[in-house]
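Structural features, examined
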Amino acid sequence: MAALYALADCNNFYVSCERVFAPHLEGRPVVVLSNNDGCVISRSAEAKALGIKMGEPEFLIKDQIRQHNIQVFSSNYTLYGDMSRRVMATMTQFAPEMEVYSIDEAFLDFSHLKNDDVLKHATKLRETVKLWTGIPVSVGIAPTKTLAKLANRLTKEIKADNKVLLLQDKYELNEALARTEVGDVWGIGRRNAQKLASFGIYTAKDLSCASDSFIRKHLTVVGLRTAKELRGEPCLGLELITAAKQNMCTSRSFGKPVTSLELLHEATASYTATCAAKLRRQKSCARVLTVFLQAYPFKNELAYYNSKTITLPTATNSTLELLHYTALALKPLFREGYRYKKTGVILSELNHEQTTQTSFLDTVDRAKHQRLMEVMDKVNGLWGKQTLIAAAQGVYDPKKQQNPWLMKSMKMSPRYTTHPAEMLCVQV
């Protein structure tokens with residue numbers, strides 16, 4: 001049975017999530033901004049037509065926003081993550097195996113389908129995802145994952161509503177490779193494209209025709225796999241099990257400068273708690289904790305950056321234990337007189353929680369910590385993140401006092417699908 005892969009990609013995903021709950025935005029220019037309402041990270045087709053570029057700072061396009069009445073949203077990652085989960089759950093019904101590649105993309109195994117059924121099946125997938133979640137999806141299908149990625153990219157050129165493209169015919173494959181710049185090939189990138197251009201390789205077709213020895217020399221074995229995939233030789237299978245992360249980092253820029261150690265401690269404690277929850281989800285423990293902070297230049301001084309790393313006596317995923325070491329690392333880093341703009345936590349030397357070795361002198365009641373963390377995760381899973389927190393993270397009543405170190409999110413939509421108080425209300 002010949003291999004056949006489909007790449008299903010949600011169109012302008014963040015914008016599409018906003019439109020699901022605000023259908024009046026259909027046909028209007030919409031953009032979503034990055035953390036602290038900084039840069040454009042998602043654009044509707046209408047915003048792209050107005051010349052809004054990906055990554056463009058919001059303050060540079062304020063005139064265009066006013067002139068064209070562009071709708072602007074802050075990033076709502078809680079909503080986007082839940083909508084992604086719903087889309088992926090829907091797509092699992094259309095293939096025996098599926099690899100979730102990113103928040104808005106998934107590879108599906110279509111090898112079991114007959115040739116006449118492939119396009120019908122892909123179209124049914126698009127219609128079902130749209131009907132059940134409201135999210136539009138494009139589907140590219142080809143004999144390899146790299147070609148499926150290329151096919152999906154070419155669906156953007158299809159003017160019809162049914163954005164499905166099958167690249168299986170040899171002539172169509174060659175034509176698609178010839179009109180695709182080598183830098184647009186999955187895994188090549190701009191730097192390698194510049195290198196290849198010096199050798200006269202400008203398109204995906206040129207790369208597929210290059211010799212194996214040349215590609216191995218200049219792009220290593222990884223580039224050779226890409227070239228073989230472009231030739232129609234499957235080298236990359238579906239990754240059905242997500243590999244455990246080897247380190248974790250949580251960091252945010254503040255909505256406004258922070259000058260006190262107390263507020264820095266609250267922010268860093270919150271990032272530590274987020275990392276600890278991630279650790280427990282993948283059943284890992286961390287042996288090394290690093291805290292870093294960064295300040296704006298102030299009073300003719302240089303910008304201040306510093307970090308401290310602590311090796312824990314015993315690897316752990318307990319929020320309370322990690323918070324203790326976070327406080328120890330942060331205190332000597334703090335310097336008076338700086339306006340701090342960012343802090344973060346990195347956890348490394350991760351291992352599975354069942355293989356963690358305790359220190360001979362360990363006095364921590366780990367069974368008690370485990371029970372407490374299980375309760376915390378269960379409560380937060382049922383009622384939403386931050387429902388149950390450690391006191392070190394700071395406690396604020398949003399009706400009376402805004403958390404002073406939170407990111408700026410002046411234009412964030414409600415978390416419609418995860419927070420009961422923010423659900424849409426229908427008046428009859």
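Predicted model only: the values in this text are computed from it and were never measured.

The rules behind the values
Counting of residues starts from 1 at the beginning of each chain's written sequence and follows it residue by residue. Only residues with pLDDT of 70 or above have their local features reported here, since the model is predicted, and side-chain atom pairs are shown and tallied only from 80 upward, although totals for entire chains, interfaces and linings are computed over all residues. Side-chain metrics rest on all non-hydrogen atoms present in the structure, leaving aside hydrogens and water. A pair of strands is considered paired only if DSSP assigns at least 2 bridges between the two. Comment: elements are numbered from the N terminus, with helices defined as DSSP H or I runs of at least four residues and strands as E runs of at least two. Geometry is summarised by axes, namely lines fitted to C-alpha atoms with helices restricted to the contacting stretch, and by angles between N-to-C directions that run from 0 to 180 degrees. Reported domain spans reflect what an automatic or database domain assignment gives. Should an angle lie under 35 degrees it is considered roughly parallel, over 145 roughly antiparallel, and from 65 to 115 roughly perpendicular; all remaining angles are considered oblique. Any pair of residues with heavy atoms lying within 4.5 Å of one another is described as a contacting pair. In the scheme used here, Gly and all other residues not listed as nonpolar or charged are polar, with Ala, Val, Leu, Ile, Met, Phe, Trp, Tyr, Cys and Pro taken as nonpolar and Asp, Glu, Lys and Arg as charged. One speaks of a salt bridge when a side-chain nitrogen belonging to Lys or Arg is within 4 Å of a carboxyl oxygen belonging to Asp or Glu. Burial status follows relative accessibility: with a 1.4 Å probe on protein chains alone, a residue under 20% of its type maximum counts as buried, one over 50% as exposed, and anything between as partly exposed.

Read from one edge of the open sheet, four strands run S9-S12-S10-S11, paired in antiparallel fashion. Each edge of the open sheet is held by one strand with a lone partner, namely strand S9 (248–258) and strand S11 (305–316). Sheet twist, expressed as the average angle between the axes of neighbouring strands with direction ignored, equals 15°. Across eight bridges, the pairing between strand S10 (residues 284–296) and S11 is antiparallel.

It is worth spelling out the domain arrangement of the protein chain at this point. For the protein chain, the domain assignment lists domain 1 (5–159), domain 2 (170–231) and domain 3 (248–393). Distance from the C-alpha centre of domain 2 to the C-alpha centre of domain 3: 43 Å.

Between helix H6 (residues 145–154) and helix H7 (residues 170–178), the shortest axis-to-axis distance is 11 Å and the interhelical angle comes to 70°. In terms of orientation, H6 lies roughly perpendicular with respect to H7. The segment H6 lies against H7, with Leu 147, Leu 150 and Leu 154 engaging Leu 173, Ala 176 and Leu 177. Here the residues of the contact of H6 with H7 are counted per class, giving six nonpolar, no polar and no charged.

Taken as a whole and judged by the stated rule, the model has 15 salt bridges. Of the charged contacts, one joins Arg 19 and Glu 46 as a salt bridge, the two residues approaching to 2.9 Å between their closest N and O atoms. Taken together, the residues Arg 19 in helix H1 (residues 13–20) and Glu 46 in helix H2 (residues 45–49) connect sequence positions 27 residues apart. For Arg 19, a relative accessible area of 11% translates into the label buried. Across the pair Asp 82 and Arg 85 runs a salt bridge, and its minimum N-O distance is 3.0 Å. Placement of the pair is Asp 82 and Arg 85 together in helix H4 (residues 77–91), with a separation of three residues, close to one helical turn. The exposure class assigned to Asp 82 is buried, which follows from its relative accessible area of 10%.

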